[in-house]
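Fold and geometry: a report
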Amino acid sequence: MDRHHQQCLRSFVALLVLLTSVSVEANDKRSSKSGQQRYHIVDHAIPQPLSSTPGDAKRGKAVLEDQERGNCLVCHMTPRGDRHMQGTVGPPLDGVANRVSLATLRLRIVDSQAFAPMSVMPSYHRTHDLHRVDGRYVNQTILTQQEVEDILAYLVTMTETPAEVPSPLSSPTTASQTSPRGNPPRSGFTYLSPESQQLQDDEFANPGMLWVERGRELWNTADGTTGVACATCHANAATSMKGVRPRYPRYSKQRRKLVNLEQQINWCRVTRIQAPAFEYESEPLLALATFISFQSRHLPMQVAVDGPARRFFAAGRTSFARRRGQLNLACGHCHDHNSGKRLRGEIISQGQTNGFPIYRQLWQTLGSSHRMFAWCNTAIRAKPFALGSDEYVNLELYMAWRARGLPVESPAIRR
């Protein structure tokens, strides 16, 4: 090989090395950006730190308490702070440094389901095998490598002797708060404070009654090209609409699909009154749905889930049990397995739907069950379905079946 060829070969090798190093660097940058970090699980633990920088306990405490990052106090109690305003879904962290090794704690934070497949703890450093993650969080971990190590540095300082777990906030109606899966249905009303219960029961004070009165006006108001009102066909709502709310959602032969009460109202408007459909979650639609529901107040929920409704019911059941979002949680993780426990200072209810439409104090307005479904999806960083979607109507049927026998309370008051 002459000198010219040797120089060309050396130049080619140098270029190949340069391109390889650039490619590796780029891959490292993409890996860091997406949060896909390599770690090795050994005997149900991760022995090696994720970060070359040692964890800092002070930073770890801040991340652990931050509601947008660790948010650990939503489920756990620490020996420091107001324990009555900390969660009871997970075990207390008192003495955790004495009970669990650092390597095991690291795996539980990184990917709790690799440690325990049925765990309800979010996997804080995982991006794979997640369903319907909100676009803002796709391919992102909840915590960075360094934040995981910082939290671990804080947890190892917790060597205090485990203290007795405080009982839920005292209330005349909070006896036997824990409702293990399989217990009889329990209305969200029973989880309210006495003041909120009184507000719901008092028709003069219940803010939801404003929508009932608005719905009464719409019931009697002519509309559309036909110039008729709901009352033209159905007359006195107290008689004709009594028992309607407990049966919805139900299968519609005309449409060959499952429909809920709001969709039935809009179908009547379009086909009978020949007026435009109300937008889902609009004030007029909420008002009419609440007015009609109010006619069945105190009657038991009794949806049909057999016959043509069976496949929609099955789809709703599957949706209820499906993990989703960046937090990788299903409806049942809260409302079946942990009802009666606390998320921070709030008691987890069974999530029953017998009160919808509800006046929610957090919203300061009335809302449908679909708004609540979307709110829960957003809370676990999942991409919500559209209000009025088939997916939410199917879920609504399953949840109405879970509430079977509970009295209709609309307009109910909820936190």
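Before any of the text, the structure's been laid out above.
Residues numbered from 1 in each chain as written. Predicted model: local features only at pLDDT ≥ 70, side-chain atom pairs only at ≥ 80, totals over all residues. Heavy atoms only, no water.

For the coordinates displayed, the defined rule picks out nine aromatic pairs. With 6.1 Å between their ring centres and 35° between their planes, Tyr251 and Phe312 make a pair best called tilted. Residue Tyr251 is located in strand E1 (residues 250-252), and its partner Phe312 is located in helix H13 (residues 310-321); the two are separated by 61 residues in the primary sequence. Overall, the relative accessible area of 25% leaves Tyr251 in the partly exposed class. On the accessibility criterion, Phe312 (10% relative accessible area) is buried. Through pairs of rings, three or more aromatic residues link up here, namely Phe313, Phe320, Tyr398 and Trp401. Over the ring of Tyr248 we find Arg250; its NZ or CZ atom is 5.8 Å from the centre of that ring. Seen from the ring of Trp401, Arg404 lies directly overhead, with NZ or CZ sitting 3.9 Å from the centre. (Phe/Tyr/Trp six-rings, centres within 6.5 Å; stacked < 30°, edge-to-face > 60°. Helix = DSSP H or I, 4+ residues; strand = E, 2+ residues; numbered from the N terminus. Buried < 20%, exposed > 50% of the residue type's maximum accessible area, 1.4 Å probe, protein only. Lys NZ or Arg CZ within 6 Å of the ring centre and 35° of its normal.)

In a beta sheet, neighbouring strands are held together by backbone hydrogen bonds and run either parallel or antiparallel to one another. Here three strands make up an open sheet; going across it, the order is E6-E5-E7 and the pairing mixed. The open sheet has two free edges, formed respectively by strand E6 (365-367) and strand E7 (412-414), since each of these has just one partner strand. On average, adjacent strands in this sheet sit at an angle of 35° to one another, irrespective of strand direction. Relative to E7, strand E5 (residues 358-360) runs parallel, the two being bridged by three bridges. (Pairing = 2+ DSSP bridges. Axes fitted to C-alpha atoms, helices over the stretch in contact; angles between N-to-C directions.)

Moving on, we come to the side chain of Thr365. Along the chain, the position of Thr365 falls in strand E6. Residue Thr365 is classed as buried on the basis of its relative accessible area of 18%. If sequence neighbours within four positions are ignored, Thr365 has contacts with Trp211, Glu283, Ile358, Tyr359, Arg360 and Arg371. (Contact = heavy atoms within 4.5 Å.)

Read these as geometric descriptors, not functional statements.
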